[in-house]
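What follows is each chain in one-letter form.
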Amino acid sequence: MAEEQKDLAERAGGYIDCAANWLRIVDDWSIGSFKNTFPRLYYVVAGLVILFILL
């Protein structure tokens, strides 16, 4: 039983690390003269703030 919980905790930690690494990636795109320099996390937070304001 304890070993199952340890496996689940390790798996959850792996998912959290994977999501955190995905959010740190800076996508390579540009629109006109603007070149993206922000990681994905900034856009996720901005979207959540806008959603919070609208609700």
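Since the structure is predicted, the reported quantities are computational estimates derived from the model, not experimental observations.

**Concerning the overall build of the chain**
Here is step 1 of the chain: Of regular secondary structure, the chain possesses two helices and two strands.
Here is step 2 of the chain: Start at the N end of the chain and walk to the C end: the helices and strands fall as α-β-β-α.
Here is step 3 of the chain: The 55 residues of the chain split such that 5% are buried.

**Describing the side chain of arginine 40**
Here is step 1 of the chain: By the element assignment, arginine 40 lies in helix H2 (residues 40–54).
Here is step 2 of the chain: Under the relative-accessibility criterion, arginine 40 is labelled buried at 18%.
Here is step 3 of the chain: Once residues within four sequence positions are removed from consideration, arginine 40 is found in contact with Trp22, Leu23, Ile25 and Asp27.

**Here we look at the packing of aromatic side chains**
Here is step 1 of the chain: A complete count under the given rule lists four aromatic pairs for this structure.
Here is step 2 of the chain: Plain terms: the ring middles of tryptophan 29 and tyrosine 43 are 6.3 Å apart, the flat faces sit at 50° to each other, and that makes the pair tilted. Of this pair, tryptophan 29 sits in the loop between helix H1 (2–24) and strand S1 (30–31) while tyrosine 43 sits in helix H2, and the two are 14 residues apart along the sequence.
Here is step 3 of the chain: Taking the relative accessible area as the measure of exposure, tyrosine 43 reaches 39% and is therefore partly exposed.
Here is step 4 of the chain: With 5.5 Å between their ring centres and 25° between their planes, phenylalanine 38 and tyrosine 42 make a pair best called stacked.
Here is step 5 of the chain: Residue phenylalanine 38 is classed as partly exposed on the basis of its relative accessible area, which comes to 35%.
Here is step 6 of the chain: Each member of the aromatic cluster is reached from another via a ring pair, and the members are Trp29, Phe34, Phe38, Tyr42 and Tyr43.

**Notes on the side chain of asparagine 36**
Here is step 1 of the chain: Its place among the elements puts asparagine 36 in the loop between strand S2 (34–35) and H2.
Here is step 2 of the chain: In this structure the side chain of asparagine 36 is engaged in a polar contact, spanning 2.9 Å, whose partner is the backbone oxygen of aspartate 27.
Here is step 3 of the chain: Only 2.7 Å separates the side chain of asparagine 36 from the side chain of tyrosine 43, close enough to count as a polar contact.

Procedures and definitions
All residue numbers here refer to positions counted from 1 along the written sequence of the relevant chain. The model is predicted, so local features are restricted to residues of pLDDT at least 70 and side-chain atom pairs to those at 80 or more, both for listing and for counting; the totals for chains, interfaces and linings are taken over all residues. With hydrogens and water stripped out, all remaining heavy atoms of the structure feed into the side-chain values. Secondary structure elements are defined from DSSP: runs of H or I of at least 4 residues count as helices, runs of E of at least 2 residues count as strands, and each element is numbered from the N terminus. Throughout, exposure labels follow a simple rule: accessible area from a 1.4 Å probe, protein chains only, divided by the maximum for the residue type, with under 20% read as buried, over 50% as exposed, and the rest as partly exposed. Contact definition: two residues touch when any of their heavy atoms are within 4.5 Å. Ring geometry is summarised as follows: Phe, Tyr and Trp rings, the Trp one being its six-membered ring, pair when their centres sit within 6.5 Å, and such pairs are stacked at plane angles under 30 degrees, edge-to-face over 60 and tilted between the two. N or O atoms within 3.5 Å of each other form a polar contact, as long as, within protein, one can give a hydrogen and the other can take it, and as long as residues adjacent in sequence are counted only when both atoms are side-chain atoms.

Shape descriptors only; they carry no functional weight alone.
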